[in-house]
Amino acid sequence: MKYLNINHLLITIAAMEPSPSNLKYQWLGLISWTAASIWLLGSIIPELTQPGAVWLITASAICAIFCSDLLSGIIHWAFDRYGTEDIPILGPSFIKPFRDHHTNPQDICGHNFVETNGDTCIAGMPLLAAGLILDPAHQLFWVSLFFGISMSGFLTNQFHSWAHEENPPKVAIFLQKTGLILNPEHHKKHHSGECDSNYCITNGWMNPLVERTRIFQRFEAIFPPTVQKDSKPPVQ
Ligand SMILES: [Zn+2]
Ligand SMILES: [Zn+2]
């Protein structure tokens, strides 16, 4: 029989109201990410005159879409299974939201654009920094790849949120049906059982390969997770 855990209820309510300081960092993350993206794009555009540049950039863009989905799965799995919520910075911004999400999947829908995507922008900054360090004249594929991963991944949490919304925007429904972003039915598998499958949440394209190779489970067999699996959370 279900019972009301008051401590859990209080923690959940607190998680629904982002603190002003968190929001400040999320705004800072979004602004920094936008500025760095424009800067990096500005370094790529002049290289379009290189022989074969268009093909190189196209190849890097395709790789980036798969890489960003895989990265979303690795990050999601790592924060679901390892670490604790009191780890500085990572705990409150990433580990706690991922774990709370298993208990209250619908809470992800109640946030505005900055609250939903600000932390992902912060997480994407190292990718942009890596792209800015490299020389696009000689490493165009890698510079474009880092730019592409950051671009296709920064709305991951938005796509995840739309997968839980009862009435997402029409453009989201269209993109979900085409499979370009995370499909709600596909994502439901993560929220069934012990929340230990279909970790990739940008578009879910890498989930079949990840599930078939059981790469996360193999890693867990060598390095036991620090938390138990969540069991029987509500499905939505
Ligand atoms: Zn999860
Ligand atoms: Zn979810």
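Residues numbered from 1 in each chain as written. Chains lettered and ligands numbered in written order. Predicted model: local features only at pLDDT ≥ 70, side-chain atom pairs only at ≥ 80, totals over all residues.

Caption draft 1: Local environment of the overall build of the protein. Looking only at helices and strands, the protein has 11 helices and zero strands in total. For the protein, the sequential pattern of α-helices and β-strands runs α-α-α-α-α-α-α-α-α-α-α. For the protein, the residues scored as buried account for 31% of the 236 residues in total. (Helix = DSSP H or I, 4+ residues; strand = E, 2+ residues; numbered from the N terminus. Buried ≥ 20, exposed ≤ 12 C-beta atoms within 10 Å, placed from the backbone.)

Caption draft 2: Highlighting the environment of His 101. Examined against the element boundaries, His 101 turns out to sit in helix α4 (residues 90-103). Here His 101 falls in the buried class, since 22 other C-beta atoms lie within 10 Å of it. Sequence-wise, His 101 and Asp 80 are 21 residues apart; in three dimensions their C-alpha atoms are separated by 9.9 Å. Ignoring anything within four residues of it in the chain, the contact list for His 101 reads Asp 107 and Ile 108. (Contact = placed C-beta atoms within 7 Å.)

Caption draft 3: Examining unusual backbone geometry more closely. For Cys 195, which is not a glycine, the phi torsion comes out positive at approximately 55 degrees. Within the element layout of this structure, Cys 195 appears in the loop between α9 (184-188) and α10 (207-213). Look at Cys 195 and you get buried, because 24 C-beta atoms sit within 10 Å.

Caption draft 4: A look at the confidence of the model for the protein. Of all residues in the protein, 87% have pLDDT values of 70 or greater, and the mean over the chain is 87. Contacts from residues 1-18, a stretch scored under 50 in pLDDT, to residues over four places away or in other chains number 10 contacts. (pLDDT = per-residue confidence, 0-100.)

Caption draft 5: The packing of helix α5 (residues 113-133) against helix α6 (residues 140-153), seen in detail. Their axes nearest at 8 Å, the elements α5 and α6 cross at an angle of 160 degrees. When the axis of α5 is compared with that of α6, the two are roughly antiparallel. For the pair α5 and α6, the sense of crossing is left-handed. Each of Gly 124, Leu 127, Leu 128, Ala 130 and Gly 131 in α5 lies in contact with α6, whose residues at this interface are Val 143, Phe 146, Phe 147, Ile 149, Ser 150 and Gly 153. Taken together, the residues of the contact of α5 with α6 sort by class into seven nonpolar, four polar and no charged. (Axes fitted to C-alpha atoms, helices over the stretch in contact; angles between N-to-C directions. Parallel < 35°, antiparallel > 145°, perpendicular 65-115°, else oblique. Left-handed = near helix turned anticlockwise from the far one by under 90°. Nonpolar A, V, L, I, M, F, W, Y, C, P; charged D, E, K, R; others polar.)

Caption draft 6: The nonpolar core, seen in detail. Formed by 29 residues in total, the largest nonpolar core has its most connected members in Leu 128, Phe 146, Ile 149, Phe 159 and Cys 200. Those elements giving two or more residues to this core turn out to be α2 (20-44), α3 (53-81), α5, α6 and α7 (156-164). Sort the elements by how many residues they give to this core and α6 lands first, with six residues. Discounting residues that sit within four places of it in the chain, Phe 159 has contacts with Ile 181, Leu 182, Ile 201 and Thr 202. (Core = buried A, V, L, I, M, F, W, Y, C linked by C-beta atoms within 7 Å.)

Caption draft 7: Local environment of α5. Under the 1.5 Å per step criterion, the end-to-end length of α5 is 29 Å for 21 residues, consistent within 8% with the ideal 30 Å. Maximum bend of α5: about 35 degrees, positioned at Gly 124, with proline Pro 126 one to four residues after it. Of the positions making up α5, those classed as buried are Thr 116, Asn 117, Gly 118, Asp 119, Thr 120, Cys 121, Ala 123, Gly 124, Leu 127, Leu 128 and Gly 131. (Expected span 1.5 Å × (residues − 1). Bend = angle between axes of the 7 residues up to and from the residue.)

Caption draft 8: Structural view of the environment of Leu 40. Among the secondary structure elements, Leu 40 is positioned in helix α2. Considered as a pair, Leu 40 and Phe 146 are 106 residues apart in the sequence and their alpha carbons are 9.5 Å apart. With residues up to four places along the chain from it excluded, the contact list for Leu 40 reads Leu 128, Gly 131, Leu 132 and Phe 147.

Caption draft 9: Fine view of the packing of α5 against α7. Contact pair α5 / α7: the axes reach a minimum separation of 8 Å and the direction vectors enclose 145 degrees. Side by side, α5 and α7 meet where Thr 116, Asn 117 and Thr 120 of the first sit next to Thr 156, Asn 157, Gln 158 and Ser 161 of the second. Taken together, the residues of the contact of α5 with α7 sort by class into no nonpolar, seven polar and no charged.

Caption draft 10: Focus on the environment of Ala 36. Of note, Ala 36 is situated in helix α2. Owing to 20 C-beta atoms within 10 Å, Ala 36 belongs among the buried residues under this scheme. Linking Ala 36 and Gly 131, residues 95 residues apart in sequence, is a C-alpha distance of 9.6 Å.

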